[in-house]
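Structure assessment
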Amino acid sequence: GGFMEDRITKAPCPTYDGRYTFAEDGRCISLLKVLMSNQCIFNCAYCVNRADNDIVRTAFTPREIADLTIEFYRRNYIEGLFLSSGVVGTPDNTMELMIKAIRILRNEYRFGGYIHAKIIPGSDKRLADILGRLCDRISINMEFASHRALNLLASDKSHKDIISSMGNVTNQLVQNKEERRKFKSAPLFAPAGQSTQLIIGATAERDYTIVRLAQALYKKLGMKRVYYSAYMPIVK
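Residues numbered from 1 in each chain as written. Predicted model: local features only at pLDDT ≥ 70, side-chain atom pairs only at ≥ 80, totals over all residues. Heavy atoms only, no water.

The tally for this structure, following the rule as stated, stands at eight salt bridges. Here R50 makes a salt bridge to D52, at a shortest N to O gap of 3.0 Å. D52 sits in the partly exposed class, given a relative accessible area of 48%. Across the pair R133 and E179 runs a salt bridge whose closest N-O atoms are separated by 3.8 Å. A residue pair is termed long-range when its members are at least 10 positions apart, and R133 in helix α3 (residues 125–134) and E179 in helix α5 (residues 159–182) qualify at 46 residues. (Salt bridge = Lys/Arg side-chain N within 4 Å of Asp/Glu carboxyl O. Buried < 20%, exposed > 50% of the residue type's maximum accessible area, 1.4 Å probe, protein only. Helix = DSSP H or I, 4+ residues; strand = E, 2+ residues; numbered from the N terminus.)

Laid out in structure tokens, this is it:
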């Protein structure tokens, strides 16, 4: 998608396109899908915001993200926020900016709506833990079904780091369930779980390989959803 959706509407859910998600009870939730920034130090070949692409760069401050979300929410345009970002400076710096925005929403504006935020590949586990305490769902994109494809098209990202981050989230979810079993007042950690996304069509992985990977993610990591995004060549 682009830097920000062109239009935000309240409407029945279409086929999933990133502006909507579904609650555990099947209810459709309309989202503001937005990037903290389209600046990025990564150079993923499939991404319009990659470092060597000659586009206008801009960014929101944490306060601007919070203000935009709460205003749309109060006008009944949206029910939640889906926040991601290009990598601004470093993965940790980017995560800290996202956390600041969500903290303003949760702690200052008392926003009780749905929040889904992306974990930035290569960021500190501690920051993902903080994010999970603030969000309903967190996710890190798997991107491709094979290590080879990731190295070919997104060499700044590490397959090992992505799997490790997913495993850390899974462990935190399990630990949080145990905490909640013992202490009802224990804060929730990503109660809607974690999800991921696979890009389909950029490389020659067989459907069988992709389906087997998705099955493993659901079974071994307790993934709530594996989304699939069709590869769209970037036209300069």
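Taken residue by residue, the protein chain gives an average pLDDT of 88. The fraction at 70 or more is 88%. Below pLDDT 50 for its whole length, residues 1–17 participates in 41 contacts with residues either more than four positions away or in separate chains. (pLDDT = per-residue confidence, 0-100. Contact = heavy atoms within 4.5 Å.)

What follows concerns the side chain of T69. Structurally, T69 is set in helix α1 (residues 62–74). The class for T69 is buried, based on a relative accessible area of 0%. Sequence-distant contacts of T69, defined by excluding residues within four places in its chain, comprise L32, I78, L81, L105 and F111.

What follows deals with the packing of α3 against α5. Between α3 and α5, the least distance of the axes is 11 Å, while the angle of their chain directions is 50°. With respect to each other, α3 and α5 are oriented oblique. As for how α3 packs across α5, the hand of that crossing is right-handed. Every residue of α5 that contacts α3 at K125, D129 and R133 is listed here: N168, Q172, N176 and E179. Its residues assigned to classes, the contact of α3 with α5 shows no nonpolar, three polar and four charged. (Axes fitted to C-alpha atoms, helices over the stretch in contact; angles between N-to-C directions. Parallel < 35°, antiparallel > 145°, perpendicular 65-115°, else oblique. Left-handed = near helix turned anticlockwise from the far one by under 90°. Nonpolar A, V, L, I, M, F, W, Y, C, P; charged D, E, K, R; others polar.)

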